[in-house]
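The primary structure of each chain is shown beneath.
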Amino acid sequence: MKQKNEQIHTTRLLTYLLIGLIGVLGLVCLYYGSSVAPGSRRYDDTDSRLDGSDPVFGGFSRNRDLVDLLDEQGYYLEVPKSIPICDMKYSELIPCLDRNLIYQLKLKPNLTVMEHYERHCPPPERRYNCLIPPPKGYKIPIRWPASRDEVWKANIPHTHLAEEKSDQHWMVVDGEKIKFPGGGTHFHYGADKYIVGLAQMLKFPGDKLNNGGHIRNVLDVGCGVASFGAYLLHHDIIAMSLAPNDVHENQIQFALERGIPSTLGVLGTKRLPYPSRSFELAHCSRCRIDWLQRDGILLLELDRLLRPGGYFAYSSPEAYEQDPENRKIWNAMYSLLKRMCWKVVAKRGQTVMWSKPLSNSCYLKRDPGTLPPLCNSSDDQDASWNVSMKACITPYSARMHKERWSGLLPWPQRLTAAPPRLEEIGVSSEEFHEDTKIWHFRVIEYWKQMKSVIQKNSIRNVMDMNSNLGGFATALKDKDVWVMNVASVKMSARLKIIYDRGLIGTVHDWCEAFSTYPRTYDLLHAWAVFSEIKERGCSPEDFLIEMDRILRPDGFVIIRDKHSVINYIQKFITALRWDGWLSEVEPRTDALTGGEERVLIARKKLWTDGFMTM
């Protein structure tokens with residue numbers, strides 16, 4: 001009887017093993033035969049993604065359902081022990097702003113409206129699956145605040161601007177360094193004196209452009225190397241310095257290397273990725289923008305972005321030259337802005353200052369049929385990701401505060417005060433303050449973990465890849481850093497709160513590459529970003545490679561996500577060369593915890609030519 005039972009047990013065991021084997025083979029077949037969701041990429045024999053034969057295009061994406069199933073059962077797909085290094089010619093690659101891609105894909109952008117400087121991302125099969133190498137001789141960047149005035153030439157080996165703008169004191173080559181005297185096209189004597197001059201034009205107390213904290217957020221279009229934004233920081237003003245990746249080589253790369261808040265972008269056909277009423281002042285100093293094109297559509301975009309009573313500082317020949325051509329442009333521009341209800345509030349030398357109205361009253365007094373028209377009431381004035389500009393005036397809503405600066409408190413009080421627009425996103429002031437407290441505690445814990453390896457002033461450029469209400473950036477207020485707050489497309493409405501707090505940020509889809517040069521951020525904070533892109537069917541491996549692209553050597557990543565996500569990411573740490581220093585903890589549960597979370601902090605090693613340096 002005992003022998004018979006043993007035979008039955010053995011038979012059943014073999015049956016279970018056979019069923020299990022069939023199941024595994026079925027999953028393997030499903031894996032190799034299935035298609036993947038948009039935004040992910042297949043990996044199979046024909047693609048040769050992991051064998052090194054294609055070190056540029058392709059990727060490491062797997063079928064996400066299979067990964068999840070195998071993870072649950074304790075099985076893990078093999079991950080690469082190393083990731084290929086891109087050719088040195090890609091050391092400054094910006095995947096979605098690569099003009100070579102436009103030619104290769106035979107796109108036909110309209111050059112007259114700057115479409116070729118707008119984002120054009122590679123299709124899944126042409127994404128890069130290699131690590132971007134630093135240029136030859138790359139050094140750890142000079143630390144802030146010294147970096148405001150000088151950078152290592154080897155890190156950005158371009159001297160074209162120093163030669164082209166030699167009479168304007170943008171930058172000077174000095175041995176192994178490039179130095180920035182603080183000059184500009186319309187401020188030869190320095191941005192600091194120019195800023196004081198603007199404050200004097202507006203008759204602000206003490207010649208302080210921040211006007212007692214009421215001027216905080218500035219948009220500087222056509223910013224050059226961002227010296228204007230650099231010198232505004234001393235006045236407690238933060239500027240989003242904006243310039244395209246154009247013939248003026250590497251302007252924004254220089255700005256970010258200096259540690260100045262800045263980003264790549266262009267006033268072309270799409271709205272800038274910021275919500276309405278984000279800035280108190282817009283600035284253009286010889287920005288070479290045709291403001292009259294397409295019925296003034298670019299000025300109308302500035303109008304959308306300015307707060308009630310916001311200023312436009314315009315320094316350009318049209319504002320002061322008396323020749324017929326410049327007078328013609330000035331008269332046309334003056335007429336357009338008058339119909340937009342803007343007023344000249346000051347004019348001196350080479351600069352004119354305009355002011356946006358405080359309410360809709362002027363618009364309602366215009367003659368019927370006056371152009372530009374008011375935008376349709378159904379238009380979402382805050383929608384900004386891949387949304388075409390419209391040649392219409394964005395009116396104020398009936399519920400909006402009609403007082404100057406939207407009723408916000410001056411800086412720095414506005415950083416922690418609940419802004420009026422919270423009600424537009426359905427968040428209570430209690431929830432807002434609770435969020436601020438939670439992130440204050442979370443950041444304290446992060447810094448405790450990194451205390452042993454963070455050197456003084458080694459972190460300057462920070463990115464919060466899922467900014468929510470800006471609590472993470474707010475918690476860093478006492479550190480000498482600036483934060484690029486990134487809101488996902490589905491959470492873009494919350495970006496208005498970021499700006500109302502006196503911070504800056506942008507909308508972005510992390511299934512695509514970010515619009516910045518490689519090696520431009522010292523710290524990347526990714527809270528639940530991997531879970532979000534995974535739910536959308538995008539490749540977490542692509543995202544890891546993108547994080548590496550924009551992270552400086554010696555920089556840190558802080559990844560806060562589910563246990564399973566952290567476990568999966570850990571397998572890529574060595575291949576990414578992020579094992580310069582590691583820490584993993586299970587944080588305390590709080591009101592923002594959506595389930596069990598872990599925090600992984602890693603440090604990127606400095607390596608060159610495919611070899612790590614110790």
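Preceding this paragraph is the structure being described.
Bear in mind the structure is a predicted one, so any value in this text is a computation, not a measurement.

Colleague: Got a minute to help me understand the state of the cysteines in this structure?
Modeller: Every disulfide links exactly two cysteines, by a covalent bond between their sulfur atoms. Scanning the model with the defined rule gives 6 disulfides in all. Covalent S-S linkage joins Cys284 and Cys287, the inter-sulfur distance amounting to 2.0 Å. The S-S bond linking Cys284 to Cys287 shows a torsion near -85°; that makes this disulfide left-handed. Neither residue differs from the other here; Cys284 and Cys287 are each classed as buried. For Cys375, the disulfide goes to Cys392, at an S-S distance of 2.1 Å. Across the disulfide from Cys375 to Cys392, rotation about the S-S bond amounts to roughly 95°, and the bridge is consequently right-handed. In this pair, Cys375 sits in the loop between helix H10 (361–364) and helix H11 (413–416) while Cys392 sits in the loop between H10 and H11, placing the two residues 17 residues apart along the sequence. We classify Cys375 as buried; its relative accessible area is 10%. Numbered by order of appearance in the sequence, the disulfide-linked cysteines of the protein chain pair as 1-4, 2-3, 5-6, 7-8, 9-10, 11-12.

Colleague: Honestly, the packing of aromatic side chains in this entry has me stumped. Any pointers?
Modeller: How two aromatic rings sit relative to each other is given by the distance of their centres and the angle of their planes. All chains considered together, the criterion is met by 22 aromatic pairs. Ring centres of Tyr90 and Tyr128 lie 5.3 Å apart, and the angle between their planes is 65°; on these two criteria the pair is classed as edge-to-face. Of this pair, Tyr90 sits in the loop between helix H2 (64–72) and helix H3 (99–104) while Tyr128 sits in the loop between H3 and strand E1 (150–152), placing them 38 residues apart in sequence. Across the pair, Tyr128 and Tyr90 agree in class, each one buried. Each member of the aromatic cluster is reached from another via a ring pair, and the members are Trp291, Phe312, Tyr314 and Trp342. When the ring centre of Trp439 is taken as reference, the NZ or CZ atom of Arg442 above it lies at 4.6 Å. Cation over ring: Arg460 sits above Trp144, and NZ or CZ is 3.7 Å from the ring centre.

Colleague: Would you mind going over the nonpolar core with me for this structure?
Modeller: Side chains that are nonpolar tend, in soluble globular proteins, to be buried together. Ranked by size, the top nonpolar core spans 138 residues in total, and within it Trp291, Phe312, Met463, Met465, Met547 and Trp578 carry the most contacts. Of the domains in this structure, domain 1 (186–408) and domain 2 (414–604) are the two that each give at least three residues to this core. Apart from the residues lying within four places of it in its own chain, the contact partners of Met547 are Met465, Leu524, Ala526, Phe530, Val557, Ile559 and Trp578.

Colleague: Explanation requested: the sheet that holds strand E3 (residues 177–179) in the structure shown.
Modeller: The strand order across the open sheet built from 3 strands is E1-E3-E2, with neighbouring strands paired in antiparallel fashion. Two strands in the sheet have a free side with no partner beyond their single neighbour: E1 and strand E2 (172–174). In this sheet, neighbouring strand axes are inclined to one another by 30° on average, regardless of whether the strands run parallel or antiparallel. Both E1 and E3 contribute to a ladder of 3 bridges, which runs antiparallel. Paired with Trp152 across the two strands is Lys177, which belongs to E3.

Colleague: Would you mind going over the sheet that holds strand E13 (residues 504–508) with me for this structure?
Modeller: Hydrogen bonding along the main chain pairs the strands of a sheet, whether they run parallel or antiparallel. Taken together, 7 strands build an open sheet; the order of strands is E13-E12-E11-E14-E15-E17-E16 and the sheet is mixed. Where the open sheet ends on each side, the last strands, each with one partner, are E13 and strand E16 (581–585). With direction set aside, neighbouring strand axes in the sheet form an average angle of 15°. Of the pairings in the sheet, the one linking strand E11 (residues 461–464) to strand E12 (residues 482–488) comprises 4 bridges and is parallel in character. Bridged to Met463 within E12 is Met484. Strands strand E14 (521–527), strand E15 (551–562), E16 and strand E17 (597–603) of the sheet are contacted by helix H12 (residues 429–450), whose axis makes an angle of about 45° with E17. Packing against the sheet, helix H16 (residues 540–550) makes contact with E11, E14 and E15, and its axis sits at approximately 145° to E15.

Colleague: Which parts of the structure should I look at to understand the environment of Cys511?
Modeller: One can find Cys511 in the loop between E13 and E14. Note on Cys511: relative accessible area 12%, which makes it buried. With sequence-adjacent residues up to four places away left out, Cys511 is seen in contact with Arg127, Arg536 and Cys538.

What counts as what
Residues numbered from 1 in each chain as written. Predicted model: local features only at pLDDT ≥ 70, side-chain atom pairs only at ≥ 80, totals over all residues. Heavy atoms only, no water. Disulfide = S-S within 2.5 Å. Buried < 20%, exposed > 50% of the residue type's maximum accessible area, 1.4 Å probe, protein only. Helix = DSSP H or I, 4+ residues; strand = E, 2+ residues; numbered from the N terminus. Phe/Tyr/Trp six-rings, centres within 6.5 Å; stacked < 30°, edge-to-face > 60°. Lys NZ or Arg CZ within 6 Å of the ring centre and 35° of its normal. Core = buried A, V, L, I, M, F, W, Y, C linked by side-chain atoms within 4.5 Å. Domains from an automatic or database assignment. Contact = heavy atoms within 4.5 Å. Pairing = 2+ DSSP bridges. Axes fitted to C-alpha atoms, helices over the stretch in contact; angles between N-to-C directions.

Worth remembering: the numbers are spatial, not functional.
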